[in-house]
Amino acid sequence: MTALEDIQVTVLKGVGNSLAEKLARLGIHSLQDLLFHLPHRYEDRTRVIPMGSLRVGDVGVVEGEVVKNDVVMGRRRSMQVTLRDETGFLVLRFFHFNAAQKSQLAVGARVRCYGEVRAGRAGYEIYHPEYDVNPEPMVTQDSATLTPVYPLTEGIQQPRVRSLCRQALTYLQRYPIRELLPSTILTDYQLPDISAAVALVHAPPASANVPQLVAGKHPAQQRLVMEELLAHQLSLLQVRQQIQQRQALALLPQGDLAERFIENLPFSLTGAQRQVLADIRQDLSQPLPMLRLVQGDVGSGKTVVAALSALQAISSGAQVALMAPTEILAEQHYTSFCQWLEPLGIQTAWLSGKVKGKARTEALARVASGEAAIAIGTHALFQQDVLFDRLALVIVDEQHRFGVHQRLALREKGVAGTMAPHQLIMTATPIPRTLAMSAYADLDTSVIDELPPGRKPIETIAVPDSRRDDVIERVRQACEQGRQAYWVCTLIEESEALQCQAAEVTEQELRERLPGLRVGLVHGRLKATDKAAVMASFKSGELDLLVATTVIEVGVDVPNASLIIIENPERLGLAQLHQLRGRVGRGHEASYCVLMYHPPLSQNGKARLQVLRDSQDGFVIAEKDLEIRGPGEVLGTRQTGLMQFRLAEFERDKAWIEVVRELAPGVLADAGRTEGLVRRWLGQRTQYGDV
Ligand code: ADP
Ligand code: MG
């Protein structure tokens, strides 16, 4: 029997080779693909909004008579057309216009326009609306329908996609879409069946509830949202299942390495560290690959947990790979691990992108022979030529800096063909529960929910950059009292070069203004050895003040540093600011974070800085960040591939996430359904699911 997924788009009128190629770029090959190319929003052109009831942010149709048309000067020259209806006024503003438009929109003309209302100079305004002069009367209200808006690619316009989808809908009668949700789910949650839902979202009937549709809350949309979230969840569970079909070395430690390590520590472990270690030890002793995410706020002591996990592998005669996202962080781990492990007679190898030539050959040989029990580095660790003798545990620190693909590629480095290494993933970005449930469905989670004792809270203040002199004075005082300070330069531009330049200028300025202080500079463009040297002298107290770019965001640990100045914090996300702030508050001194912003701050900007002043709890901050900026930002941009939904929106639809998580294991048991759902929603985007 033919199905919709077997019918190619070329059966549609007007689809030749060239259009088919463009559609392919959107992942559309079959009619089913086309019908799952869903509108991501609607335009409501069904009715005219009375001007008197407009509010900022409204998007819609307005109709009235031109009562004024002026060209006004101001910061930019513009044509300002005032419209009136029975209820009020509205201004249309054009920054680009020609003489023909000016005479077309002359006083007395009747204009119907469509656009977004904003608060402008002359009251409510629409900039560059779409408009019709002396339009045909509107279709009557009851037959008017919402206009779907589709994601596009180069060379395909909205009307084209709309008409193709309408054509494809005519096939639905004969070739309904396969229903992949179990009927119990459909009845329990009162969801419409798949073909009805798809038909409705492409062509909402006039009777459909317009506000619901516009808000994405119509049952037809919600059914698709739920199916999409389920498909994503299933794809991650599939990955997990595939990994766990392989075996792992059961790591059963011999001897007393762990005990000796703990004895040598200058502190005792916190209860939370012990608890998380217990989870990890339990996993590692099984012949099944561990897949565990450890979340612990900045400063919660994840490194020690990593070291003790590594010791379990090493004392079972196996090897460990520890990967960190930046050179600075990897280097810092390398230093700590050498210090900790050398006394125990354990050898460590250093492999970063910058290790070349003979040093690299040597390191590779020590890893390959098993002489080095642990290899530490950046993602250079996972290059083809890095071979281990008996790798059994992979630890990834600050995982949010790596992409999902990189994370999932790690397991390829397992021992022999059928064996997979255990994976321990650590992150300081507290991930809100719902987000963790969807983005990390393939991992078990442990949380280090306690900071080491004796930490003083960090006092956070926000000051405008007009008080730069006071801030510099404050740095001087802190350093003269023997403290150390960070000065973090940020820039909007993604350009690393510009960031580094800004940091260089600031360093110069601070050197001149703080002649008594020893000032260092670290940024991404320094050579690895130079960077390491600067970090080392800051750590050992030879430098008082470290001027840095956001390269120090993750993991850098200098307990004597108790003051951090962050320039232009309004440009950074909350989670990132929280990370940066976490560079201080690591010792016993009271610590301070000065957020030096550039006024004026937007409403939103003020609220964001306030969150940071009010809370030091990474989870609270992450929840706010998620609300304000969405999941892509919280997880880091590289993760977004995973979170790019067609229809689902994280905040709006988060109630489904819990539901989906409960339902997924049951559906997973049905391989056919699972395959179908994953293919339907993720299509070719599931490379990371291939084992
Ligand atoms: P993060 O979780 O941010 O990676 P680190 O592992 O860098 O934190 O630890 C932060 C600091 O706390 C380090 O100086 C570390 O030595 C110290 N530390 C870790 N565990 C404890 C503990 N149980 N008691 C006291 N200090 C600790
Ligand atoms: Mg760390």
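Identification of the protein as ATP-dependent DNA helicase RecG from Marinobacter zhejiangensis is taken from an unreviewed UniProt entry. Taken from UniProt, the Sequence similarities (unreviewed entry) comment for the protein reads in full: "Belongs to the helicase family. RecG subfamily."

Trainee: Even after reading the chapter, I still don't get the site of ligand 1, so can you show me in this structure?
Mentor: Of all residues adjacent to ligand 1, which total 16 residues, the nearest are Gly-299, Lys-302, Thr-303, Arg-455 and Asp-557. With respect to ligand 1, the side chain of Asp-557 contributes an N or O atom lying 2.8 Å from an oxygen atom. Protein chains shield 87% of the accessible area of ligand 1, which is 570 Å² for the free molecule. Taken together, the residues of the shell around ligand 1 break down into 4 nonpolar, 7 polar and 5 charged.

Trainee: Even after reading the chapter, I still don't get the side chain of Ser-315, so can you show me in this structure?
Mentor: Relative to the helices and strands, Ser-315 is located in the loop between α11 (302–314) and β11 (319–323). The buried category is assigned to Ser-315, whose relative accessible area is 12%. Filtering out sequence-adjacent residues up to four positions away, Ser-315 remains in contact with Pro-253, Gln-254 and Leu-257.

Trainee: Got a minute to help me understand the pairing of strand β22 (residues 591–597) in this structure?
Mentor: In the case of a regular strand, side chains alternate between the two sheet surfaces. With 6 of 7 residues buried, β22 lies mostly within the body of the structure. For strand β17 (residues 458–464) and β22, the ladder comprises 7 bridges, and the chain directions are parallel. Across the sheet, residue Glu-459 finds its bridge partner in β22, namely Tyr-592. Pairing geometry for strand β21 (residues 561–567) and β22, over 5 bridges, is parallel. Within β22, the position partnered with Ile-566 by the bridge is Leu-595. You can see the chain leave β21, run along helix α19 (residues 574–581) and come back into β22, and the turn it takes is right-handed.

Trainee: Can you walk me through the environment of Ala-441 in this structure?
Mentor: By the secondary structure assignment, Ala-441 is in the loop between α15 (433–439) and β16 (444–448). The class of Ala-441 is buried, set by a relative accessible area of 14%. Residues contacting Ala-441, with those up to four places away along its chain left out, are Gln-233, Leu-236, Leu-237, Arg-240 and Ala-436.

Trainee: Hey, could you run me through the sheet that holds strand β18 (residues 484–488) in this one?
Mentor: Sheets are built from strands that pair by backbone hydrogen bonding, the pairs being arranged parallel or antiparallel. Taken in spatial order, the 6 strands of this open sheet run β17-β22-β21-β18-β20-β19, and their pairing is parallel. Only two strands of the sheet have a single neighbouring strand rather than two, namely β17 and β19 (519–522). Mean inter-strand twist for the sheet, computed between neighbouring axes without regard to direction, equals 20 degrees. In the sheet, β18 pairs with strand β20 (residues 545–548) via 4 bridges, with the strands oriented parallel. Bridged to Val-488 within β20 is Ala-548. Strand contacts of α19: β17, β18, β21 and β22, with the helix running at about 150 degrees to β21, the strand carrying the most contacts. Where helix α20 (residues 603–614) meets the sheet, its contacts fall on β17 and β22, and the angle it forms with β17 comes to roughly 155 degrees.

Trainee: Teacher, can you tell me more about the pattern of salt bridges here?
Mentor: Two side chains that carry opposite charge are able to pair once their charged atoms sit near each other. Inspection of the entire model under this criterion finds 32 salt bridges. Among the salt bridges present, the one from Arg-223 reaches Glu-179, with a minimum N-O distance of 3.0 Å. Here Arg-223, found in helix α8 (residues 219–244), pairs with Glu-179, found in the loop between α4 (158–169) and α5 (183–188); they are 44 residues apart in sequence, far enough to count as distant. The closest approach of N and O atoms between Arg-513 and Glu-509, which form a salt bridge, is 3.6 Å. Taken as a pair, Arg-513 and Glu-509 lie in helix α17 (residues 496–513) at a separation of 4 residues, close to a single helical turn. The partly exposed category is assigned to Glu-509, whose relative accessible area is 21%. One connected set of salt bridges, linked through shared partners, spans Arg-468, Asp-469, Glu-509, Arg-513 and Glu-567.

Trainee: Help me understand the confidence of the model for the protein in this model?
Mentor: When pLDDT is low, close inspection of the predicted coordinates is not appropriate. With 91% of its residues at a pLDDT of at least 70, the protein reaches an overall mean of 87. Considering each helix and strand of the protein separately, the mean pLDDT is smallest for helix α23 (residues 640–643), with a value of 47, and largest for helix α10 (residues 271–284), with 97. Here residues 637–642 is modelled with pLDDT under 50, and outside its nearest four sequence neighbours on either side it reaches 17 contacts, counting other chains as well. In the predicted structure, residues 686–691 sits below a pLDDT of 50 and forms 17 contacts with residues beyond four places in sequence or in another chain.

Trainee: Sorry, what's going on with the packing of α10 against α11 here?
Mentor: Two quantities define a packed helix pair, namely the angle between the helix axes and the distance between the axes. At their nearest, the axes of α10 and α11 sit 10 Å apart, and the two run at 30 degrees to each other. For the element pair α10 / α11, the angle class is roughly parallel. Relative to α11, the crossing made by α10 is right-handed. Where α10 abuts α11, its residues Gln-273, Val-276, Leu-277, Ile-280, Arg-281 and Leu-284 lie against Val-304, Val-305, Leu-308, Ser-309 and Gln-312.

Trainee: I'm lost on the sheet that holds strand β12 (residues 348–351) in this one. Help?
Mentor: A sheet is described by the order of its strands in space; here 7 strands give the open sequence β12-β13-β11-β14-β15-β10-β16, paired in parallel fashion. The open sheet has two free edges, formed respectively by β12 and β16, since each of these has just one partner strand. Adjacent strand axes in the sheet meet at a mean angle of 20 degrees, parallel and antiparallel pairs treated alike. Here 5 bridges tie strand β10 (residues 291–296) to β16, and the two strands are oriented parallel to one another. Pairing of Arg-292 across the sheet is with Asp-444, part of β16. The sheet contacts of α10 involve β10, β14 (391–396), β15 (422–427) and β16, and relative to β16 the element is tilted by about 155 degrees. Lying over the sheet, helix α13 (residues 357–369) contacts β11, β12 and β13 (374–377), oriented at roughly 135 degrees with respect to β12.

Trainee: Would you explain α13 in this entry?
Mentor: An α-helix turns once every 3.6 residues. As a result, residues three or four positions apart point the same way. Counted at 1.5 Å a residue, the expected span for α13 with its 13 residues is 18 Å, and the 18 Å between its end C-alpha atoms agrees. Residues of α13 that are buried: Arg-360, Ala-363, Leu-364 and Val-367. For α13, the angular spread of buried residues about the axis comes to 100 degrees, placing them on one side. In this structure, α13 carries Lys-358 and Thr-361 as exposed residues pointing more than 90 degrees from its buried face.

Quick notes on the rules
Residues numbered from 1 in each chain as written. Chains lettered and ligands numbered in written order. Predicted model: local features only at pLDDT ≥ 70, side-chain atom pairs only at ≥ 80, totals over all residues. Heavy atoms only, no water. UniProt positions renumbered as here; feature names shortened; annotations may be inferred. Near = heavy atom within 4 Å. Polar contact = N/O pair within 3.5 Å; in protein donor to acceptor, adjacent residues only side chain to side chain. Areas by Shrake-Rupley, 256 points an atom, 1.4 Å probe, with all protein chains shown as cover. Nonpolar A, V, L, I, M, F, W, Y, C, P; charged D, E, K, R; others polar. Helix = DSSP H or I, 4+ residues; strand = E, 2+ residues; numbered from the N terminus. Buried < 20%, exposed > 50% of the residue type's maximum accessible area, 1.4 Å probe, protein only. Contact = heavy atoms within 4.5 Å. Pairing = 2+ DSSP bridges. Right-handed = clockwise from strand over helix to strand, strands pointing away. Axes fitted to C-alpha atoms, helices over the stretch in contact; angles between N-to-C directions. Salt bridge = Lys/Arg side-chain N within 4 Å of Asp/Glu carboxyl O. pLDDT = per-residue confidence, 0-100. Parallel < 35°, antiparallel > 145°, perpendicular 65-115°, else oblique. Left-handed = near helix turned anticlockwise from the far one by under 90°. Expected span 1.5 Å × (residues − 1). Arc of directions from axis to C-beta.

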